[in-house]
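Listed here are the chains, written in short residue letters.
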Amino acid sequence: MSGLPHSSHALVTGGGRGIGREIAATLARAGATVTIIGRQRATLDRAVRAGAAHFVGVADVADRPALHGAITEAAARQPIDILVANAGIAESAPFMKSDAALFVRMMDVNFMGVVHSIQAVLPSMRDRPRGRIVAVASTAGLKGYPYVSAYVAAKHAVVGLVRSLALELATTNVTINAVCPGFTDTDLVAGTIDNIMKKTGRSREQAMIELSRHNPQGRLITPAEVADSVLWLCGEAAGAITGQAIAVAGGEL
């Protein structure tokens, strides 16, 4: 059983594809009303038609006014009990070729997008009977990887935010945690595989092996495994779990 209260309203950023869509669908199956937010209306609408969510909002999480507008509209339909701050992007480059613009892009979406989302929902969430905030970080928030220093820095910032904010919210009814997936079988990782092939001349199979070797289980994580961890953190039984960064990574950490 999910342990979600009846009539919970969950908001998932980046909910149109990949891990976000799987999280949205899992929360919907558990009985939540789910609103997904993303940049591409067509992608979001496809997720709704497939039953992965109920409502959509179009906004870039790096655009604070647009995001707050979309969240305000969602909350007007029904107050938000659950926030899953999932939206993210990844770009790779050697550190000396990572210019300031690359670092800004990684921070704007992967970190400030989380900040903007939390600041939009938290004031009213604290007045609800309970609140759950889950940030989808990465194992890159817990360790380093070469050639993605900007991405790693942003994900470390997310984990630090979660740990700090959990202490501020400890005496409230709101918990905040991070899930940190390893390399997961999504279109984002497919793009990483394409980059490995392009830059190294390796085959797709060789590139897949290169990513899978990080996981002691020798495979990619599935979106469903990440979504199940999020569902548990959003449930009634996880009320004492806050400030945690939970690796979903097959023993990598």
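Structure shown above.
Residues numbered from 1 in each chain as written. Predicted model: local features only at pLDDT ≥ 70, side-chain atom pairs only at ≥ 80, totals over all residues. Heavy atoms only, no water.

It is worth spelling out the nonpolar core at this point. Counting 33 residues, the largest nonpolar core has Ile118, Ile133 and Ile176 as the members making the most contacts within it. Elements that contribute at least two residues to this core include exactly helix H3 (64–77), strand S4 (82–85), helix H4 (100–125), strand S5 (131–136), helix H5 (149–168) and strand S6 (174–181). What Ile176 contacts, discounting residues up to four positions off in sequence, is Ile118, Ile133, Val162, Leu165, Ala166, Leu169, Thr242, Gly243 and Gln244. Counting 30 residues, the second-largest nonpolar core is a separate cluster that includes Leu4, Ala52, Ala53 and Val56. (Core = buried A, V, L, I, M, F, W, Y, C linked by side-chain atoms within 4.5 Å. Buried < 20%, exposed > 50% of the residue type's maximum accessible area, 1.4 Å probe, protein only. Helix = DSSP H or I, 4+ residues; strand = E, 2+ residues; numbered from the N terminus. Contact = heavy atoms within 4.5 Å.)

Looking now at H4. With 26 residues, H4 extends 35 Å from end C-alpha to end C-alpha; this agrees with the ideal 38 Å at 1.5 Å per step. Residue Met112 marks the point of greatest curvature in H4, where the axis turns by about 40°. (Expected span 1.5 Å × (residues − 1). Bend = angle between axes of the 7 residues up to and from the residue.)

This part covers the environment of Arg46. With respect to the helices, strands and loops of the structure, Arg46 is situated in helix H2 (residues 41–49). Each C-alpha atom of the pair Arg46 and Arg17 lies 9.5 Å from the other, and the pair is 29 residues apart in sequence.

Let us look at the pattern of salt bridges. Summed over all chains, the structure comprises seven salt bridges. Salt-bridge contacts for Arg29 lead to Glu22; the nearest nitrogen and oxygen are separated by 3.7 Å. A residue is classified by how much of its surface remains accessible, and Arg29, at 62% relative accessible area, is exposed. Residue class for Glu22 comes out partly exposed when judged on its relative accessible area of 25%. The salt bridge partner of Arg105 is Glu91, with a shortest N-O separation of 2.8 Å. Of the two residues, Arg105 is situated in helix H4 and Glu91 in the loop between S4 and H4; the sequence distance between them amounts to 14 residues. (Salt bridge = Lys/Arg side-chain N within 4 Å of Asp/Glu carboxyl O.)

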